[in-house]
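# Structural characterization, general
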Amino acid sequence: MASQTSGSTATLQDLLDLWSGYEPYQELISEIRDRRARVQITGLSGSLPTFVAAALTRDLGEPALVVTPGFQEARRMEAEILSFRPDAPVYLLPPRPNLVGDVRAESYEWHERRLKALYEASRRANVVLVAPVESLRQRLVALPNVQIVLKPGMRIEPGEVAQRLVDLGYQRDPEVTEEGRFAWRGAIIDVYLPGGPAVRMEWFDVEVDSVRAFDPESQRTVEMLGQIDIGPARELVWTGDARRRAMGRLAEESEEVVKNLEAVGRLDEAVRARERYGRYLNDLSEGRAFAGIERYSAAFYRPQALAHAFVRPPVVIYHDLPRITEAWRGLDAGERLEHERRLERGDFLAMEEEMTIPESLWTQEIRGHADISLSLLPHGQGAYHVSL
């Protein structure tokens with residue numbers, strides 16, 4: 001998408017440059033930086049919200065969280081921001097998947113994209129996450145610093161690296177063909193990071209000899225690397241202390257559920273609940289993650305809002321805040337009904353309520369963050385209002 005101006009080609013990035021020189025816009029940037037207040041920008045229709053979001057995320061030079069009412073709108077917003085800023089660290093954050101019984105309903109692609117987005121937010125100062133309201137209302141847990149950093153010349157046993165990869169949620173295979181997997185053959189470890197790349201590390205005795213990105217299909221080296229940072233392959237990883245803490249809380253809350261079912265004569269449901277939570281506890285005792293373990297994350301670590309998962313407090317940009325609020329309240333109502341149904345069949349623990357944020361509490365969760373609303377018409381009260 002380009003236009004011809006005086007014999008030269010104007011790019012979408014050129015439009016951002018022109019916009020950045022617009023005096024009212026410069027005043028807006030200063031207002032956000034100085035006061036970190038709630039800002040409302042109205043008069044935006046069509047692709048203008050995306051354009052303004054792309055400009056803000058570039059010119060503020062801070063991490064940003066861009067929120068949309070729905071998932072498909074978030075996908076479009078991510079793609080359109082990247083059309084203006086093709087080299088920017090912009091990532092879509094899909095919501096945590098649902099669990100039906102013991103079956104996890106998720107797309108492998110969205111799972112990997114979610115992990116990639118969260119990992120980049122935890123380490124890059126200028127990252128932009130684009131999230132639907134469903135992702136925004138889901139709390140995360142503050143994970144320990146468990147990444148593996150390797151570079152040539154380091155002294156570490158290959159076996160220690162292999163065990164740490166298991167602890168980070170990587171599955172061992174004979175060879176690496178999928179993200180989230182690793183292979184260990186003597187002095188060589190291959191690991192395929194969520195979102196890529198696939199990396200081969202070779203040892204000479206106990207010293208890392210080389211680190212290289214490679215193509216899993218051809219096995220050919222793509223690039224020699226000076227260092228590789230390996231993050232988790234699943235959203236929830238744990239230390240030994242956290243696992244023991246989680247087992248204690250899971251055992252306590254599940255026993256309470258079983259007793260309540262027995263007290264009202266629902267003996268079949270009580271038996272099934274005892275068996276289900278018994279499997280979960282057995283998996284945890286052996287260090288295994290079970291399907292849907294993320295909904296019990298509050299047993300491992302203290303839950304936190306998505307905005308607190310960034311390296312620095314992000315600027316929060318809402319695309320159509322009235323619709324976001326409406327969608328959030330609808331999700332809250334649906335979740336309450338689902339919790340009631342699951343409680344009746346003994347498939348709900350109190351800790352799960354800690355993993356979502358009611359719409360009424362959101363403003364408390366992001367107090368101190370810059371808060372920008374992009375919309376067509378004015379709504380509510382804003383500390384600073386600009387109409388375009």
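That block above? That's the structure.
Residues numbered from 1 in each chain as written. Predicted model: local features only at pLDDT ≥ 70, side-chain atom pairs only at ≥ 80, totals over all residues. Heavy atoms only, no water.

### Let's talk about the side chain of glutamate 73
One can find glutamate 73 in helix 4 (residues 71-84). At 2.7 Å, the side chain of glutamate 73 and the side chain of arginine 323 are in polar contact. For glutamate 73, the residues in contact, after removing those within four places along its chain, are Thr68 and Arg323. (Helix = DSSP H or I, 4+ residues; strand = E, 2+ residues; numbered from the N terminus. Polar contact = N/O pair within 3.5 Å; in protein donor to acceptor, adjacent residues only side chain to side chain. Contact = heavy atoms within 4.5 Å.)

### Quick word on the nonpolar core
Core analysis: the biggest nonpolar cluster contains 35 residues, and Ile41, Leu56, Ile372 and Leu374 have the highest contact counts within it. A total of 6 residues in this core trace back to one element, the largest contributor, which is helix 3 (residues 48-59). Beyond its immediate sequence surroundings of up to four residues, leucine 56 is in contact with Tyr25, Leu28, Ile29, Ile32, Ile41, Ile317, Ile372 and Leu374. Formed by 26 residues, the second largest nonpolar core is a distinct cluster that contains Tyr91, Ala121, Leu129 and Leu321. (Core = buried A, V, L, I, M, F, W, Y, C linked by side-chain atoms within 4.5 Å. Buried < 20%, exposed > 50% of the residue type's maximum accessible area, 1.4 Å probe, protein only.)

### Things to note about the pairing of strand 15 (residues 207-214)
Judged by how many residues are buried, strand 15 sits mostly within the fold: 6 of 8 residues are covered. As defined by bridge partners, strand 14 (residues 198-204) adjoins strand 15 across 7 bridges and the pair is classed as antiparallel. Along strand 15, the bridge assignment pairs methionine 201 with valine 211. A loop of 2 residues connects strand 14 with strand 15, the two strands running antiparallel in sequence, and aspartate 205 in this loop sits at a positive phi of about 60°. The pairing of strand 15 with strand 16 (residues 221-224) spans 3 bridges and is antiparallel. Residue pairing in the sheet places alanine 213 in a bridge with glutamate 223 of strand 16. Between strand 15 and the antiparallel strand that follows it, strand 16, lie 6 residues; glutamine 219 among them carries a positive phi value of about 65°. (Pairing = 2+ DSSP bridges.)

### Notes on the environment of alanine 291
For alanine 291, the position within the fold is in the loop between helix 9 (267-285) and strand 18 (303-304). In this structure, the C-alpha to C-alpha distance between alanine 291 and arginine 345, residues 54 residues apart in sequence, is 18 Å.

### Considering the packing of aromatic side chains
Taken as a whole and judged by the stated rule, the model has 11 aromatic pairs. Consider the rings of tryptophan 19 and tyrosine 25, whose centres lie 5.2 Å apart with planes at 45°: the pair is tilted. Residue classification places tryptophan 19 among the buried positions, given a relative accessible area of 17%. The exposure class assigned to tyrosine 25 is buried, which follows from its relative accessible area of 3%. Aromatic rings pair up to connect Trp19, Tyr22, Tyr25, Phe51 and Phe84 into one cluster. Taking the ring centre of phenylalanine 214 as reference, the NZ or CZ of arginine 200 above it sits at 4.4 Å. The ring centre of tyrosine 277 lies 5.6 Å from the NZ or CZ of arginine 276, which sits over that ring. (Phe/Tyr/Trp six-rings, centres within 6.5 Å; stacked < 30°, edge-to-face > 60°. Lys NZ or Arg CZ within 6 Å of the ring centre and 35° of its normal.)

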